[in-house]
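Summary of the model geometry
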Amino acid sequence: MSVNVFVVGPAGSGKSTFTAAFREWMIRNEYDMITVNLDPGAESLPYVPDIDVRDLVNLEDVMNEYGLGPNGAQIVAADLVANFVEDLKREIDSYESDYVLLDTPGQLELFAFRAASSFIVDTLGEETAVLAFMFDPILAKTPSGFVSLLMLSSTVHFRFYIPFLNILSKIDLLEDDELEKIARWCSNWDALYDSLIKESGGMQKELNIQIFRVLEDMQVFKTPIPTSAKMFYGYDDVYATLQMLFGGGEDLEKR
Ligand SMILES: Nc1nc2c(ncn2[C@@H]2O[C@H](COP(=O)(O)OP(=O)(O)OP(=O)(O)O)[C@@H](O)[C@H]2O)c(=O)[nH]1
Ligand SMILES: [Mg+2]
């Protein structure tokens, strides 16, 4: 049975580039994997998907057929994909690969909040689905941005309730001290709390403190794994984390 990794995150957080780079890393290491593009609105991709939802649902066709603009068409297209889930599953199964990387639509809310997505994750993912949630470093480097991403990632986790890992993308865009600061927040809640209350004042500070406490109580925190497609960095850690989740730490057999 394959491990199905749904790559999710806010628009522009690096989902498609992560898919391309992790694919490259896996191929170099001789792991058996395929990529699936689940974004009907993707204009260009940094990899050639083995399976492409655009072959089944085309955004331009949806715009013409339903008389919609690009935003409305994205919503209809996301729902239409659900009609083809069984076809997608058959196609994925025909590869019999160990790993399936599924690149999701740019708009996180289309994936996280449409009923069609739960159906897609349930059908395609079965019991070996995992969410890889991308943290964009430009947002993650401020305390409130970091906490917002934790909330967003928790919301997506709450929606699907399957195993998940957090990934910090594009770390080449961070200065060393910014990366160290994020690492400190990851290893020490108190450091994150201190940074958060220093950043804000008045009512916002109060709200931040309350939100922080909820997150702490929920114990949703998962340290984001630092990666950079530009530096080709971090993919061994991502792979090791997947192994811990599904392989009990043991390597799935190479082919
Ligand atoms: N410097 C740097 N840029 C990156 C990295 N990964 C992605 N990018 C850039 O970030 C931008 C967005 O990357 P994508 O991979 O398209 O992000 P996405 O989440 O798939 O975007 P949407 O599907 O449109 O939501 C592109 O300009 C990428 O070149 C990285 O590791 N380093
Ligand atoms: Mg993309």
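Above this note sits the structure.
Since we're looking at a predicted model, the values are computed, not measured. (Residues numbered from 1 in each chain as written. Chains lettered and ligands numbered in written order. Predicted model: local features only at pLDDT ≥ 70, side-chain atom pairs only at ≥ 80, totals over all residues.)

A word on the overall build of the protein chain
Each helix and strand in the protein chain was counted, giving twelve helices and seven strands. Taking the principal axes of the C-alpha coordinates as reference, the protein chain spans close to 50 × 50 × 30 Å. Across the protein chain, every contact between residues at least 6 apart in sequence was considered, and the portion connecting residues at least 24 apart equals 75%. (Helix = DSSP H or I, 4+ residues; strand = E, 2+ residues; numbered from the N terminus. Contact = placed C-beta atoms within 7 Å.)

Regarding the packing of helix α4 (residues 85-95) against helix α6 (residues 115-125)
Between two packed helices, both the angle of their axes relative to each other and the distance between the axes serve to describe the pair. Running from N to C, α4 and α6 cross one another at 30°; their axes reach a closest spacing of 10 Å. The pairing of α4 with α6 is recorded here as roughly parallel in orientation. The crossing of α4 and α6 is right-handed. Contacts between α4 and α6 involve Val85, Leu88, Lys89 and Ile92 from the former and Phe119, Ile120, Thr123 and Leu124 from the latter. Grouping the amino acids of the contact of α4 with α6 by side-chain chemistry returns six nonpolar, one polar and one charged. (Axes fitted to C-alpha atoms, helices over the stretch in contact; angles between N-to-C directions. Parallel < 35°, antiparallel > 145°, perpendicular 65-115°, else oblique. Left-handed = near helix turned anticlockwise from the far one by under 90°. Nonpolar A, V, L, I, M, F, W, Y, C, P; charged D, E, K, R; others polar.)

Topic: the packing of helix α2 (residues 59-66) against helix α3 (residues 70-81)
Where α2 contacts α3, the axes come no closer than 9 Å and their chain directions differ by 110°. Between α2 and α3, the interaxial angle falls into the category roughly perpendicular. Touching Leu59, Val62, Met63 and Tyr66 of α2 are Pro70, Ala73, Gln74, Val76, Ala77 and Leu80, all from α3. Across the contact of α2 with α3, the residue classes break down as nine nonpolar, one polar and no charged.

A look at helix α8 (residues 143-160)
Between its terminal C-alpha atoms α8 stretches 26 Å, which fits the 26 Å expected from 18 residues at 1.5 Å a residue. Within α8, the full set of buried residues consists of Pro143, Phe146, Val147, Leu149, Leu150, Ser153, Val156, His157 and Phe160. Of the residues flanking the end of α8, it is Tyr161, one or two places downstream, whose phi is positive at about 50°. (Expected span 1.5 Å × (residues − 1). Buried ≥ 20, exposed ≤ 12 C-beta atoms within 10 Å, placed from the backbone.)

Observations regarding the sheet that holds strand β2 (residues 33-37)
In spatial order, the strands read β3-β2-β4-β1-β5-β6-β7; together these seven strands make up an open sheet with parallel pairing. In this open sheet, the two edge strands, each paired with only one partner strand, are β3 (51-52) and β7 (225-226). The pairing of strand β5 (residues 129-135) with strand β6 (residues 164-168) spans five bridges and is parallel. Considered in β6, the bridge of Phe135 is made with Leu168. (Pairing = 2+ DSSP bridges.)

What to know about the pairing of strand β4 (residues 99-103)
Counted residue by residue, β4 has five buried out of five residues, so it is predominantly covered. Note: strand β1 (residues 3-8) against β4, five bridges, orientation parallel. Paired with Val5 across the strands is Leu101, a residue of β4. By the bridge criterion, five bridges tie β2 to β4 in an arrangement that is parallel. Of the residues in β4, the one forming a bridge with Asn37 is Asp103.

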